[in-house]
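# Observations on chain architecture
The lines below spell out each chain.
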Amino acid sequence: MIDSPTSHEVDPLAPIRDALSVLQAAWTGQDAAGTAPATVESLGRSRLVAANDALGVLARAVNGLQAATAAEIARESRPELGPDALAKQQGFRNPVTLIAATTGTTMGEASRLVKVGQATAPRTSLTGEPMPAKHPYVAEGLKSASIGTQAASLIITMLDRAALRADLAALQKAERMLVEQASGLSLDLLKKIIARAEAYLDPDGIAPRERDARGEGSLRMFERDGFFHMEVKCDAASGAPLKLAIQAIVSADYRNAFGRAAGDGDSVGSDGGGFGDAGRGLGDGGGFGDGGRGFGDAGAHGHDGGHGHGHGGGDSPGPLGTEPDLRSHAQRQLDALLRLVTHAVGCDNNDLPLGGATVVVRMTLDDLQTGNGHALVDGVDTPISVAAARKLAASGGVIPAVFDSEGELLDWGRKKRFFTQAQRLALVERDGGCAGCGAPPGMTRAHHLDWWARDNGKTDLSRGVLLCESCHHRVHDNGWEIRIDGGTIAAKVWFIPPPHVDPHRTPRLGGRARYDYNAA
């Protein structure tokens, strides 16, 4: 964690040497037979994890040094040097082409390296005095190899865009917080947090972006090679009901498949009737882990900006009760859309499993009253304007959830086994979605920390947490524990690893505190 930027220069090769030392220790450590492993397959699980961590640090350290080198190449190739510019002396048109050719990357990637390097390099004033980098916290993150150049570029781009309207102190605070949060997160999750941070820094910019998005909205339909193609592009607020409806049907589909494969309709230890999107592993690198390690299932089907989805329900019976259901996640989404269309066109029965598709729009009371600020839609990464939120709330099936910063969470004791809709709304406000991996709320169920039947667990918010099916089973199957500190919407959810994962059992932060931008 970075407390404040420092001005002293460090050895730029130190992070690389440190990472190489850790990697070498993992690779050449002695196994039980006393021989040094020579291949990846012979490392064993503990050394494999250590090697992967070291490789991650090494890659980030190398990328950071690349960015600094690229910036210096650009400085030595500035136009005013004419024929003496470094790139031209080496036979290249400009520094970007030199970097792209010598590193084997694209022009876009080379340009990104230059931009990151320039934004994080020390500066000199007009009087010759040394000045800190334009983005000092990002510079420290790169030097310590806690973030890579891709994460740095995302943060820098947003901050530069918001700088036209945002307060300088708020920008500096956002930079520090984003650098701290970026460590251990996938780029997909970081993008969501950055979008939330920009909405906080520049709330007046949301409405113009929404107008631009509506102007670019389109739907194209055509037939080719025996297939019907449809391409949809719309603003986030307009697409939220469709996205959440499809997610709800797909989640119910997974639950049913898992229940059939297990021989009953209930997942072990779940909140009744199955638990979320059974059999689906989220492989986004978030999870409970630090340093990018999570509970993602390798080899799962890629979907939705980095989330991997794998079918873990076994060979569940097909429509005839004999064939395994081998549909991919994308195929299940298509089937869900077709069910929605078929139902809307000719079905008089409300037989679609849309119980989890309620559109919940969240905003503060102050923003609702003033019309300023922004709102969030559960399951949608992009913040929307208060005006768009009001429009959504006026339509059917939408619940406007308004909270103040001191909102208390209601407890319901043990009168009911299942969490109520009001309790679930409060859990989403606290956890943001799956507290373990950051999956959208529509892919989760409310889970008792203490099993309702076995442990006489209470259906209280202080003893409940939102988890997707994958994280839910890993908690129970692998010995993880969950701790909740606090009793308001600001409460924090901690995941405590079992001794075989971390002998010290150091708690790992989850929920909205980890996967969302918190400006407080």
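Residues numbered from 1 in each chain as written. Predicted model: local features only at pLDDT ≥ 70, side-chain atom pairs only at ≥ 80, totals over all residues. Heavy atoms only, no water.

### Overview of the overall build of the chain
To keep it simple, the criterion reads: Think of it this way: any DSSP run of H or I at least four residues long counts as a helix, any run of E at least two long counts as a strand, and we number them from the N terminus. The classification of residues rests on relative accessible area computed with a 1.4 Å probe and restricted to protein chains. Under 20% of the type maximum is buried, over 50% is exposed, and intermediate values are partly exposed. By definition in these notes, contact holds between two residues if any of their heavy atoms fall within 4.5 Å.
Each helix and strand in the chain was counted, giving 17 helices and 15 strands. The 520 residues of the chain split such that 44% are buried. Sequence-distant contacts, at least 24 apart, represent 60% of the contacts inside the chain between residues at least 6 apart.

### Topic: the pattern of salt bridges
Applicable threshold: Salt bridge, as used here, is a side-chain nitrogen of Lys or Arg placed within 4 Å of a carboxyl oxygen of Asp or Glu.
With the rule as written, the count across this model stands at 19 salt bridges. The shortest N-O distance in the salt bridge between Asp-160 and Lys-134 comes to 3.4 Å. Of this pair, Asp-160 sits in helix H7 (residues 149–162) while Lys-134 sits in the loop between strand S2 (130–131) and helix H6 (136–143), and the two are 26 residues apart along the sequence. The salt bridge involving Glu-180 is made with Arg-176; its shortest N-O contact spans 3.6 Å. With Glu-180 and Arg-176 both in helix H8 (residues 168–182), this residue pair falls four residues apart, about one helical turn. In this structure Glu-180 comes out as partly exposed when scored by relative accessible area, which is 24%. Using a relative accessible area of 25% as the deciding quantity, one classes Arg-176 as partly exposed. Members of the salt-bridge network, linked through shared partners, are Asp-253, Arg-327, Arg-332 and Asp-335.

### Things to note about unusual backbone geometry
What is expected of a backbone is that most residues other than glycine have negative phi and most peptide bonds are trans. Positive phi is not limited to glycine here, since Asp-225 has a value of about 55 degrees. Structurally, Asp-225 is set in the loop between strand S3 (218–224) and strand S4 (227–233). Exposure remark for Asp-225: the relative accessible area of 71% places this residue in the exposed category. At Arg-505, a position not held by glycine, the phi torsion is positive, near 55 degrees. Inspection of the secondary structure assignment puts Arg-505 in the loop between strand S14 (492–496) and strand S15 (508–510).

### What about the sheet that holds S15?
One key point about sheets: their strands pair by backbone hydrogen bonds, in either a parallel or an antiparallel sense. Note the following rule: For two strands to be treated as a pair, DSSP must find at least two bridges joining them. The axes used here are C-alpha line fits, helices contributing only the stretch in contact, and every angle between their N-to-C directions lies in the interval 0 to 180 degrees.
One open sheet accounts for three strands, arranged S13-S14-S15; its pairing is antiparallel. Where the open sheet ends on each side, the last strands, each with one partner, are strand S13 (481–485) and S15. Averaged over all pairs of adjacent strands, the angle between their axes in this sheet comes to 35 degrees, without regard to strand direction. Relative to S15, S14 runs antiparallel, the two being bridged by three bridges. Bridge pairing in S15 places Phe-495 opposite Arg-508.

### Some points on the environment of Phe-495
In this fold, Phe-495 is placed in strand S14. Sequence separation of Phe-495 and Gly-511 is 16 residues, and the distance between their C-alpha atoms is 9.7 Å.

### What about the side chain of Arg-112?
So the rule is basically this: In protein, a polar contact means a hydrogen-donor-capable atom and an acceptor-capable atom, both N or O and within 3.5 Å, with residues adjacent in sequence counting only if both atoms are side-chain atoms; elsewhere, any N or O pair within 3.5 Å suffices.
Its location among the elements puts Arg-112 in helix H5 (residues 107–120). Only 3.0 Å separates the side chain of Arg-112 from the backbone oxygen of Thr-149, close enough to count as a polar contact. If we skip the residues at most four places from it in the chain, Arg-112 touches Thr-149, Gln-150 and Ser-153.

### Side note on the environment of Gln-118
Looking at the secondary structure, you find Gln-118 in helix H5. Judged by its relative accessible area of 46%, Gln-118 falls in the partly exposed class. Spatially, the C-alpha atoms of Gln-118 and Glu-72 are 8.1 Å apart, while their sequence positions differ by 46 residues. Excluding its chain neighbours within four sequence positions, the residues that come into contact with Gln-118 are Ala-71 and Ala-74.

### Concerning the packing of aromatic side chains
What counts is decided by this rule: Paired rings are identified among Phe, Tyr and Trp, the last through its six-membered ring, by centres lying within 6.5 Å, and are further divided according to the angle between planes into stacked (under 30 degrees), edge-to-face (over 60) and tilted (the rest). By definition here, charges over rings are those cases where NZ of Lys or CZ of Arg is within 6 Å of the ring centre and within 35 degrees of the ring normal.
Inspection of every chain in the model, using the stated rule, returns one aromatic pair. Each ring, one from Tyr-200 and one from Tyr-517, has its centre 6.1 Å from the other, and the planes form 55 degrees; the classification is tilted. One end of the pair, Tyr-200, is in helix H9 (residues 187–201); the other, Tyr-517, is in the segment after helix H17 (512–515), with 317 residues separating them in the sequence. For Tyr-200, a relative accessible area of 43% puts it in the partly exposed group. Note on Tyr-517: relative accessible area 11%, which makes it buried. The residue whose ring lies beneath Arg-332 is Tyr-254, and the NZ or CZ to ring-centre distance is 4.4 Å.

### Description of the packing of H8 against H9
Keep this limit in mind: Angles are sorted into four bins: roughly parallel if under 35 degrees, roughly antiparallel if over 145, roughly perpendicular if 65 to 115, and oblique for all others. Take the far helix as the reference: if the near one is turned anticlockwise from it by less than a right angle, the crossing is left-handed, and if turned clockwise, right-handed. Amino acids are sorted into nonpolar (Ala, Val, Leu, Ile, Met, Phe, Trp, Tyr, Cys and Pro), charged (Asp, Glu, Lys and Arg) and polar (every other residue, Gly among them).
Contact geometry of H8 with H9 gives a least axis separation of 11 Å together with a crossing angle of 165 degrees. When the axis of H8 is compared with that of H9, the two are roughly antiparallel. The handedness of the crossing between H8 and H9 is right-handed. Packed against H8, whose contacting residues are Ala-170, Leu-171, Ala-174, Leu-178, Gln-181 and Ala-182, the element H9 presents Leu-190, Ile-193, Ile-194, Ala-197 and Leu-201 at the interface. Within the contact of H8 with H9, the residues separate by chemical class into 10 nonpolar, one polar and no charged.

### Observations regarding the state of the cysteines
The test is simple: Disulfide: a pair of cysteine sulfur atoms within 2.5 Å of each other.
The tally for this structure, following the rule as stated, stands at zero disulfides. Cysteine Cys-434 shares no disulfide, and the gap to the nearest cysteine sulfur, in Cys-437, comes to 3.7 Å. For Cys-471, which is in no disulfide, the shortest distance to another cysteine sulfur is to Cys-434 and amounts to 3.7 Å. Judged by relative accessible area, which is 2%, Cys-471 ranks as buried.

### Thoughts on helix H15 (residues 421–431)
When you tally the buried positions in H15, you get eight out of 11 residues, the bulk of the element. Along H15, the residues that are buried comprise Gln-423, Leu-425, Ala-426, Leu-427, Val-428, Glu-429, Arg-430 and Asp-431. Residue Gly-432 follows H15 closely and has a positive phi angle near 80 degrees.

### A few points about the pairing of S4
As paired elements, S3 and S4 share seven bridges and run antiparallel to each other. Its bridge partner being in S4, Phe-222 is matched across the sheet by His-229. Linking S3 back to S4 in an antiparallel pair, the connection comprises two residues, with Asp-225 at a positive phi of about 55 degrees.

### Focus on a nonpolar patch on the surface
What counts here: A patch is a set of surface residues, each over 30% in relative accessible area and not in a salt bridge, joined within 9 Å for like charges and within 5 Å for the nonpolar side chains Val, Leu, Ile, Met, Phe, Trp and Tyr. Method for areas: the Shrake-Rupley scheme with a 1.4 Å probe, in which residue coverage is limited to the protein chains shown.
Together, Leu-219, Met-221, Phe-228, Met-230 and Val-232 line one region of the surface with nonpolar side chains, adding up to about 520 Å² of accessible area. Mapped by element, the contributors of at least two residues to the nonpolar patch are S3 and S4. A per-element tally of the nonpolar patch places S4 first, with three residues. Position of Met-230 among the secondary structure elements: in strand S4. Owing to a relative accessible area of 39%, Met-230 belongs among the partly exposed residues under this scheme.

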